Amino acid sequence: MTQQTQVTGWTREEMAQRLAQDIANGSYVNLGIGIPELVAKFVPEGRTFIYHTENGLLGMGPSPAEGEADPELINAGKRHVTANPGSAYFHHADSFAMIRGGHLDLSVLGAMQIAQNGDLANWSTGKPGAIPAVGGAMDLVAGVKQVFVITQHCTKTGDAKLVESCSYPLTGRGVVDRVYTNLAVIDVTPDGFQVVELCPGVEFETVQELTGAPLRSASE
Amino acid sequence: MTQQTQVTGWTREEMAQRLAQDIANGSYVNLGIGIPELVAKFVPEGRTFIYHTENGLLGMGPSPAEGEADPELINAGKRHVTANPGSAYFHHADSFAMIRGGHLDLSVLGAMQIAQNGDLANWSTGKPGAIPAVGGAMDLVAGVKQVFVITQHCTKTGDAKLVESCSYPLTGRGVVDRVYTNLAVIDVTPDGFQVVELCPGVEFETVQELTGAPLRSASE
Amino acid sequence: MINKRVLNPAEAVADIADGSSIMIGGFGEAGSPIELIHALIDQGASDLTVISNNTGSGEVGLAALLKERRVTKVICSFPKTLNSTVFPELYREGFTELELVPQGTLAERIRAGGAGVPAFYTPTAVGTPLAEGKEFREFNGRDYLLEHGLAADYSLIKGLAADSHGNLLYNKTARNFAPIMAMAADVTIVQAASVLEPGEIDPEIVVTPGIFVDRVVEVADPAYESELIAAGVSYP
Amino acid sequence: MINKRVLNPAEAVADIADGSSIMIGGFGEAGSPIELIHALIDQGASDLTVISNNTGSGEVGLAALLKERRVTKVICSFPKTLNSTVFPELYREGFTELELVPQGTLAERIRAGGAGVPAFYTPTAVGTPLAEGKEFREFNGRDYLLEHGLAADYSLIKGLAADSHGNLLYNKTARNFAPIMAMAADVTIVQAASVLEPGEIDPEIVVTPGIFVDRVVEVADPAYESELIAAGVSYP
């Protein structure tokens, strides 16, 4: 699996765009830092998503215009944002009541590893000496109705991210519903990984080769 | 103890006035329904008390002027009230967080029975067929820093209200700090009831006779 | 576009099925969503469990729903009020069951139900008959009771203003249980004196964020229990 | 008359003793009470336990307090940020202990500490290393962890406006942990850009009622971490 197969597949933007297609109109969505944030650029025509940022804003809008940033209007990644009409501010206990209480429809997160049983590892490599930092990831995966992971199919060194069982410390147990990678859209089912859709031009066998656990093909 | 000794002692207003002397400036106070409400009429010169009503208002003011009542601005007794400058509205969970979290300085309540160990019974006679109703009394006695009871020394039928142990269902266990009756001010101490002050003209022996548990006199 | 407005109270409560659990806001008449309750009476659902601080007054609003024998259980802290005769009769008769909960425990259980907290410990009611059968535990030398989160199929609440996203403002002490009940139900239905466009409510002063609200209906001039009772109204 | 105003940040933090536990509001620089933290640095208290979501940036504010070796323990969810070099060094050296808590659990523990709830159950972190050594319990077929309320000797928070009774408003996402930290400390100290008279804040929009606040100090033009860092400031 560490073999460098030459496939590129979807770009980050295409992955985000593909994921956005699967979000229903009116959904309350929390987008993690990184690729997940790109989803907001690809809201399908005719739909509205309402973005929750766990530091206390529902109805988060895009980055402010140059010179209009307020250092106290930021998202969970501590970047300057705006507030859309119809938004609301609230404190952290209320914000995580929304998360833990199952009021958010969707959490989109990055990942280090996803296991075939839905386990997610995305907060720590567990390496000695590293400064552990967890933020709200464990709350999001434990509380939000649906959890989508968006990630490159393999690590920069070519290792599989979709695995039989995670070697990194878990963020949550059996929490991932669907994975969007540069190569495929893959559901986590009671029978393990199930390919929903392949990136055009990418063969099932290629994806299987780059995956550390058995895949079921879309037609199965 | 059911003997009708002829003593009247303080009026309800005098009892309330006496109690008000013992409240420090700036205290956050919850006044129960009935005699406790009278306390607000006797705030000593130079002091300010801030009244909490558990249905969601801090900074409660007096009854509104004729014709200025809002049916949605009421106290826990469901009577029309006003909001003083510097007040705040909040929901029930926040209101009882103030109570349970020990943020209120004083709760003033009526009583059916007070035991010498500080047990309080003030919500139910426990009679079969009665409709039980508890409201916020159990929360107040469990959470507020100090609990003062203000009550007639005896029931209408002449029974003692201060007793060795309560026969009525409890509101709380060991929660009463001090009792203000028409006859005396009495502390609940680890050694039982301790008279702090007698109503002028009332003899210690008279109070003892009307009390269902041993009293220690003020000089002891 | 997001638009949670519904046309009228009847449409707002149309899908409430027999056997549903329903939280109903209000402390006495303050915050009682009378028009939604009356629509529920008209709608006909029965065998309901109602979670509410009181049991209504006279024969309007919540008391009228009880009188129509549609509520088989109430979870509440204070089921008697001035002018409250309906519930006592149903209770004595054995038609309506009562789960009596201290007011603060009721509030905290509802908040927990909305916040994904299945259970918590509280000092309230330790040593009293309301602790009977409950689990105890000591923390730092003090006894506490285990209490469970409380959720419901529906919440019916009253706001002063809403926007079409469901953001809510309340009127004074009518706020009481509404914000936490909005959190704790699968479907939260709001009657508000005005329903505004998104952006018309300052995001800094929103009390209930729209995520907790499913339907809003404008009831521009809501009735009050006391007024209806004074006018001799008995619903329906 | 009730007046919780104090003259300046130095007076506000004067009584904080060595060994105190201190909650410090803010999420990144939003809501960080920099002037109060700098006053605490000047004041000299050491061996502090700090409860805060992050550990500060650069060498100003919370990071500067850490750098002065005044904090022996932090309880936090995310102790690394861009420009955050101070904490990692103290942590590796073993000078400052870390209790890592998921952000929502941290928030709920603080609220519980303020609300008189000694412990509660949460699904967060089940099956992860942060659950190690914690008590589990199943409710309705799902596993939950027992988590304990968190309280502190002091809270230092930042508001937009206060009145002399301690009622508070916040600015946008600077609200974050401040309202719950105000509830959970014995002494809550607030810096606000303006301190008003009672009645100048509408009681309907108060976010933190004055009962949770002990001292308010006006800091009319508060600094931001990012500005200080950009200006090359290293405190003191």
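What this report covers is the structure whose coordinates are included nearby. The structure displayed is predicted, hence computed values, not measured ones. Counting of residues starts from 1 at the beginning of each chain's written sequence and follows it residue by residue. By the order in which they are written, chains take letters starting at A while ligands take numbers starting at 1. Per-residue local features of the predicted model are confined to residues with pLDDT of at least 70, and side-chain atom pairs are confined, for both listing and counting, to 80 or more; whole-chain, interface and lining totals are unaffected and use all residues. Remark: hydrogens and water are excluded; side-chain values derive from all non-hydrogen atoms of the structure.

## Some details on the sheet that holds strand S10 (residues 178-180) of chain A
Residue and element names in this part refer to chain A. Pairing is mixed across the open sheet formed by 10 strands, whose spatial order is S4-S3-S2-S1-S5-S8-S10-S11-S12-S13. The open sheet has two free edges, formed respectively by strand S4 (82-89) and strand S13 (215-216), since each of these has just one partner strand. In this structure, strand S1 (residues 28-31) lies alongside strand S2 (residues 50-53), joined through two bridges in parallel fashion. Bridge pairing in S2 links Val 29 to Tyr 51. Strand pairing follows a simple DSSP-based rule, namely that at least 2 bridges must link the two strands. Numbering of helices and strands runs from the N terminus; a helix is a DSSP stretch of H or I covering at least four residues, while a strand is a stretch of E covering at least two.

## Observations concerning the interface of chain B and chain C
Working rule for contacts: check all heavy atoms of both residues, and any pair within 4.5 Å makes them a contact. Contact residues are listed per partner, giving 36 residues for chain B and 47 residues for chain C. The term buried area means the drop in 1.4 Å probe accessible area that two parts suffer when joined, counted for both and summed. A combined buried area of about 3400 Å² lies between chain B and chain C, and 63% of that area is made up of carbon and sulfur atoms. Salt bridge, as used here, is a side-chain nitrogen of Lys or Arg placed within 4 Å of a carboxyl oxygen of Asp or Glu. Run the count over chain B and chain C and you get four salt bridges. Counting of polar contacts relies on pairs of N or O atoms within 3.5 Å, with two restrictions inside protein: one atom must be capable of donating a hydrogen and the other of accepting it, and residues adjacent in sequence are counted only when both atoms are side-chain atoms. At the boundary of chain B and chain C, one finds 21 residue pairs in polar contact (both at pLDDT 80 or more).

## Quick notes on the sheet that holds strand S4 (residues 82-89) of chain B
Residue and element names in this part refer to chain B. If you trace the 10 strands from one edge of the open sheet to the other, you get S4-S3-S2-S1-S5-S8-S10-S11-S12-S13, paired in mixed fashion. Only two strands of the sheet have a single partner each, and these edge strands are S4 and strand S13 (215-216). Of the strand pairs in this sheet, strand S2 (residues 50-53) and strand S3 (residues 57-61) are connected by two bridges, and their pairing is antiparallel. Bridging across to S3, Thr 53 finds its partner in Leu 57.

## Examining the side chain of Asn 53 of chain D
Residue and element names in this part refer to chain D. With respect to the secondary-structure elements, Asn 53 resides in the loop between strand S2 (48-51) and helix H3 (61-67). Within the structure, the side chain of Asn 53 is placed 3.3 Å from the side chain of Asn 54, a separation counted as a polar contact. Side chain to side chain, Asn 53 and Ser 77 meet in a polar contact 2.8 Å long. Ignoring sequence-local partners within four residues, the contact set of Asn 53 consists of Gly 26, Phe 27, Cys 76, Ser 77, Phe 78, Gln 103, Leu 106 and Phe 177.

## Digging into helix H1 (residues 12-20) of chain B
Those residues of H1 of chain B that fall on the buried side of the exposure criterion are Met 15, Ala 16, Arg 18, Leu 19 and Ala 20 of chain B. On its buried face, H1 of chain B sits against helix H2 (35-38), strand S5 (106-109), strand S8 (146-150), strand S10 (178-180), strand S11 (184-189) and strand S12 (192-198) of chain B. Burial here depends on accessible area, computed with a 1.4 Å probe over protein chains only, as a share of the maximum for the residue type. Under 20% is buried, over 50% is exposed, and the range in between is partly exposed.

## Here we look at the interface of chain D and chain A
Facing 47 residues of chain D, the contacting portion of chain A comprises 36 residues. Taking both partners together, chain D and chain A bury about 3400 Å²; carbon and sulfur atoms supply 63% of that area. Among the residues chain D hides against chain A, the three largest losses belong to Phe 27, Lys 172 and Thr 173 of chain D. Together they make up 19% of the total. Here chain D is connected to chain A by four salt bridges. When the shortest N-O distance is used, the salt bridge between Lys 172 of chain D and Asp 70 of chain A registers 3.0 Å. Connecting chain D to chain A are 21 residue pairs in polar contact (both at pLDDT 80 or more). Sorting the residues of the side of chain D that touches chain A by element identifies helix H4 (86-93), strand S4 (97-100), helix H5 (103-115), strand S7 (142-148) and helix H6 (178-184) of chain D as the ones contributing at least two each.

## A short note on the pattern of salt bridges
In this structure the tally under the stated criterion is 40 salt bridges over all chains. For Arg 5 of chain C, the salt bridge goes to Glu 197 of chain C, with nearest N and O atoms at 2.6 Å. On the criterion of sequence distance, the pair formed by Arg 5 of chain C in the segment before helix H1 (9-13) and Glu 197 of chain C in the loop between strand S10 (185-196) and strand S11 (215-218) is long-range, its members being 192 residues apart. Here Arg 5 of chain C falls in the partly exposed class, since its relative accessible area comes to 33%. What makes Glu 197 of chain C partly exposed here is its relative accessible area of 43%. Across the salt bridge formed by Arg 137 of chain D and Glu 135 of chain C, the nearest N and O atoms sit 2.7 Å from each other.

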